[in-house]
Amino acid sequence: MNLGPQVTDLRWILPNKVLRIKASDSGRLEGVRYSPDQLSNFLVERNNNSFEVKKTYLKAKTKITRKQVIIDKDAPNLYLAGKRTGLSDNIIMKLSYVFQWDISFVLDIRLGDTFTLIYADLYVASKKVKDGEILAAAYTSMGKNHTAIRYEGSGNRSNYYTPKGLSLRKEFIRDPVHFSHISSQFNLRRLHPIHNRVIPHRGIDYAAKHGTPVVAAGDGKITTSKQNSAKGKYLVLRHGQLYTTKYLHLSNFASNIEAGSSVVQGQVIGYVGSTGLATAPHLHYEFLVNGNHRNPRTVKQSKALPIPKSRLQDFHEKSSRFLTELSLIQGKAIYANAENNMEK
Ligand SMILES: [Zn+2]
């Protein structure tokens, strides 16, 4: 049965999806219904001796949500504070990705820091069918403000930009492990003094569960994938002429990772372990510039391309609404806090 390009998707029936088949009492095929996702529906129906295809799309509505997340004693990291504010895991993860080049979510977050965000979810009738995208977000820490506005760049790639149109994307992300997998900041702090007293410590230790994915901090090439008694299983990545990153004590390398492999930023290259000289599972991460160890949290790096001049006016027109909204949410929160303080 060939019904043309309209039913191409039916050839890609995914596991866990239900295909409904309608047959007559005599066993003759009458119709097929299939929903590849929650927004589209295929119906193939018999019409005398031929079949007709109907493809319908449900109307989805965008619902905009505005939230402010406050880091405090009861919720000392973005994950806990985000959950308390009612954010889904997915939105919390996306929020961390927006700022992953500027902020270490493990080491930089302080009590009193705030995240303000505007995001859009997709609804059909009153049911959420898709966790949406973050349209704009701000991170404020000790009077310093980072603002991110989503803008569709060229080549369908959405990016986040500062209010001036500079890209937030950079050559290196701050943490090569995702913050949500870090067991606790307490562990991290406890680990440092031990290391510092024993040997000069030239990297950052991320205490994390055995098997936590470790990602490449930037695009590059694996130059070393080895094991020895001190470093355990370790990887060295070369990023152009200037930069090198090292990842130690891994439990395992990711598949296809070997000397000579090319990797892209954010790609899983291995898993946290305690091979070599390590008393507990952690990632020891080093960042070198021209062969000299540098602090990956503070090292200056070049930014990706800004919004081209020809599109800057469009960007400013679209972003001004979000900037106003972000400051309104921030202003309201300050006002609410002031009122609470007055009542006491
Ligand atoms: Zn270490």
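Residues numbered from 1 in each chain as written. Predicted model: local features only at pLDDT ≥ 70, side-chain atom pairs only at ≥ 80, totals over all residues. Heavy atoms only, no water.

- An unreviewed UniProt entry lists the chain under the name Peptidase M23, with OM182 bacterium as the source organism.
- Recorded in UniProt under Cofactor (unreviewed entry), the annotation for the chain is "Zn(2+)". (UniProt positions renumbered as here; feature names shortened; annotations may be inferred.)

**What to know about the overall build of the chain**
Line of reasoning, step 1. Of regular secondary structure, the chain possesses 4 helices and 18 strands.
Line of reasoning, step 2. Every one of the 344 residues in the chain was classed for burial, and the buried ones make up 43%.
Line of reasoning, step 3. The long-range fraction of contacts in the chain, counting pairs at least 24 apart against all pairs at least 6 apart in sequence, stands at 59%.
Line of reasoning, step 4. Of the roughly 19700 Å² of accessible surface on the chain, a fraction of 53% belongs to carbon and sulfur atoms. (Helix = DSSP H or I, 4+ residues; strand = E, 2+ residues; numbered from the N terminus. Buried < 20%, exposed > 50% of the residue type's maximum accessible area, 1.4 Å probe, protein only. Contact = heavy atoms within 4.5 Å. Areas by Shrake-Rupley, 256 points an atom, 1.4 Å probe, with all protein chains shown as cover.)

**What to know about the environment of Ser-96**
Line of reasoning, step 1. By the secondary structure assignment, Ser-96 is in helix α2 (residues 89–98).
Line of reasoning, step 2. By relative accessible area, Ser-96 is classed as buried at 2%.
Line of reasoning, step 3. Once the C-alpha coordinates of Ser-96 and His-178 are considered, the two residues, 82 residues apart in sequence, prove to be 8.7 Å apart.
Line of reasoning, step 4. Non-local contacts of Ser-96, meaning those with residues more than four positions away in its chain, are made with Leu-78, Phe-105, His-178 and Phe-179.

**Topic: unusual backbone geometry**
Line of reasoning, step 1. If you check the backbone angles, Asn-256 has positive phi at about 70° while not being a glycine.
Line of reasoning, step 2. Along the polypeptide, Asn-256 turns up in the loop between β14 (243–253) and β15 (262–263).

**Notes on the confidence of the model for the chain**
Line of reasoning, step 1. Residues of the chain with pLDDT of at least 70 account for 84%, and the chain-wide mean is 84.
Line of reasoning, step 2. Within the chain, the element-level pLDDT minimum falls on helix α3 (residues 185–198), averaging 45, and the maximum on strand β13 (residues 232–239), averaging 98.
Line of reasoning, step 3. Note on residues 183–193: pLDDT is under 50 here. Beyond four places in sequence and across chains, it has 14 contacts. (pLDDT = per-residue confidence, 0-100.)

**Observations regarding the pairing of strand β3 (residues 40–47)**
Line of reasoning, step 1. Where strand β2 (residues 29–37) meets β3, 5 bridges bridge the pair, whose relative direction is antiparallel. When the bridges of β3 are listed, Val-32 appears paired with Val-44.
Line of reasoning, step 2. The antiparallel pairing of β3 with strand β4 (residues 50–57) creates a hairpin that spans 2 residues between the two strands, and Asn-48 there sits at a positive phi of about 55°. (Pairing = 2+ DSSP bridges.)

**With respect to the packing of aromatic side chains**
Line of reasoning, step 1. Applying the stated criterion across every chain, the model contains 12 aromatic pairs.
Line of reasoning, step 2. Both rings, one in Phe-99 and one in Phe-115, keep their centres 6.4 Å apart while their planes meet at 55°; by these two values the pair is tilted. With a gap of 16 residues between them, Phe-99 in the loop between α2 and β6 (114–124) and Phe-115 in strand β6 connect regions that are remote in the sequence. Across the pair, Phe-115 and Phe-99 agree in class, each one buried.
Line of reasoning, step 3. Through pairs of rings, three or more aromatic residues link up here, namely Phe-99, Phe-105, Phe-115 and Tyr-139.
Line of reasoning, step 4. The ring of Phe-253 carries Lys-233 above its face, with NZ or CZ at 5.9 Å from the centroid. (Phe/Tyr/Trp six-rings, centres within 6.5 Å; stacked < 30°, edge-to-face > 60°. Lys NZ or Arg CZ within 6 Å of the ring centre and 35° of its normal.)

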